[in-house]
Amino acid sequence: MWAKLQAWWQSLWITKSAASNDLNTNLKPPESTNITWEIPSYHTARKLAAKLETLIDEKLMQTSASEFKAACLSKDANFLVYLAGKALVDIGVREKTNNNDGELVELIQKIAGGVKGHPWCMYFVLVCVAYAESKTGKKSKIYNSGSCASVRKNSAGLAIDYKNSKAGDIWIWRYPSTGNGHTGVFGGWLPKYKAATLKEGNTTLGKIGDKIVREGGGAYTTEREVITNTKASMYLPMAIRPF
């Protein structure tokens, strides 16, 4: 598998351009194109399914090859979180029966001990984190749970001002009444500090002004308005930088 991907990479390297529509990045490929490179895979304590890792590898080689290689070589783990989210959206992860199920959904849920039927937005984010850990050998201190409330509570040391968000950071919304919420991977600003694009699981194709859906049927690129009013139906109390 890796030899084929490496040969494919060499054929793509000079001409491939994969700039994302929702992201400005300064990552650039190395000057030399003769460097022998194999997609890395380090051990990670999180239970990232081999099939998911391979699917993400293959999709990134197809759609974002230069960014992918540059991020791996520079060990830019935060940016790899974003790329993993982008790949899962591009793969088209969907539920089978709209009940938090389906082959890829159930592999995603296993990242932190979840099972078929569990809401999977946070599991989606943790898969992205685990993928970045596998590509860089770095370990994130983000709490390993499928619960948005538990991750907020136990990852406070990673919190940042949402206005400082960059690609790969994690936004976690909250219902003021229950503490439950929703989460996604930050991609880039639309109107700066007012709205952003994100990669999310367990949702729908949300646009600015739409209600945030936390029980949708797939992985999508969304556009989210920044809502910090704690009396809103769902607001943004926390942004996390995983690396």
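Note that the structure is predicted; figures quoted are calculated from it, not measured.

S.K.: What's the story with the environment of Glu 133 in this structure? I'm lost.
M.R.: Counting through the fold element by element, Glu 133 comes out in helix H6 (residues 121–136). Among all residues touching Glu 133, those that are not within four sequence positions of it are Tyr 42, Thr 44, Arg 46, Lys 138, Lys 139, Ser 140 and Phe 243.

S.K.: Is there a simple way to explain unusual backbone geometry in this structure?
M.R.: Look at Lys 75: it is not a glycine, yet its phi comes out positive at around 55°. Here Lys 75 lies in the loop between helix H3 (65–74) and helix H4 (77–91). Phi at Asn 100 takes a positive value of approximately 55°, unusual for a residue other than glycine. Looking at the secondary structure, you find Asn 100 in the loop between H4 and helix H5 (103–109). What makes Asn 100 buried here is its relative accessible area of 6%.

S.K.: How do you make sense of the pattern of salt bridges when you look at a structure like this?
M.R.: For side chains bearing opposite charge, pairing can occur when the charged atoms are close. For the coordinates displayed, the defined rule picks out eight salt bridges. For the salt bridge of Glu 103 with Lys 51, the shortest nitrogen-to-oxygen distance reads 2.4 Å. Placement of Glu 103 in helix H5 and of Lys 51 in helix H2 (residues 50–63) is noted, with a sequence separation of 52 residues between them. With a relative accessible area of 40%, Lys 51 lands in the partly exposed category. Overlapping salt bridges bring together Glu 53, Asp 57 and Lys 135 as one network.

What counts, and at which threshold
- All residue numbers refer to positions counted from 1 along the written sequence of the respective chain.
- With the structure being a predicted model, the display of local features is reserved for residues of pLDDT at least 70 and the display and counting of side-chain atom pairs for 80 or more, all residues being used for whole-chain, interface and lining totals.
- Note that the side-chain values use all heavy atoms of the structure and ignore hydrogens as well as water.
- In this description a helix means any DSSP run of H or I spanning at least four residues, a strand means any run of E spanning at least two, and both kinds are numbered starting from the N terminus.
- Contacts between residues were defined by any pair of non-hydrogen atoms, one from each residue, lying within 4.5 Å.
- Accessibility here uses a 1.4 Å probe with only protein chains present; expressed as a share of the type maximum, an area under 20% marks a residue as buried, one over 50% as exposed, and anything in between as partly exposed.
- Whenever Lys or Arg places a side-chain nitrogen within 4 Å of a carboxyl oxygen from Asp or Glu, that contact is recorded as a salt bridge.

So, to be careful, I would describe these as geometric facts and stop short of saying anything about function.
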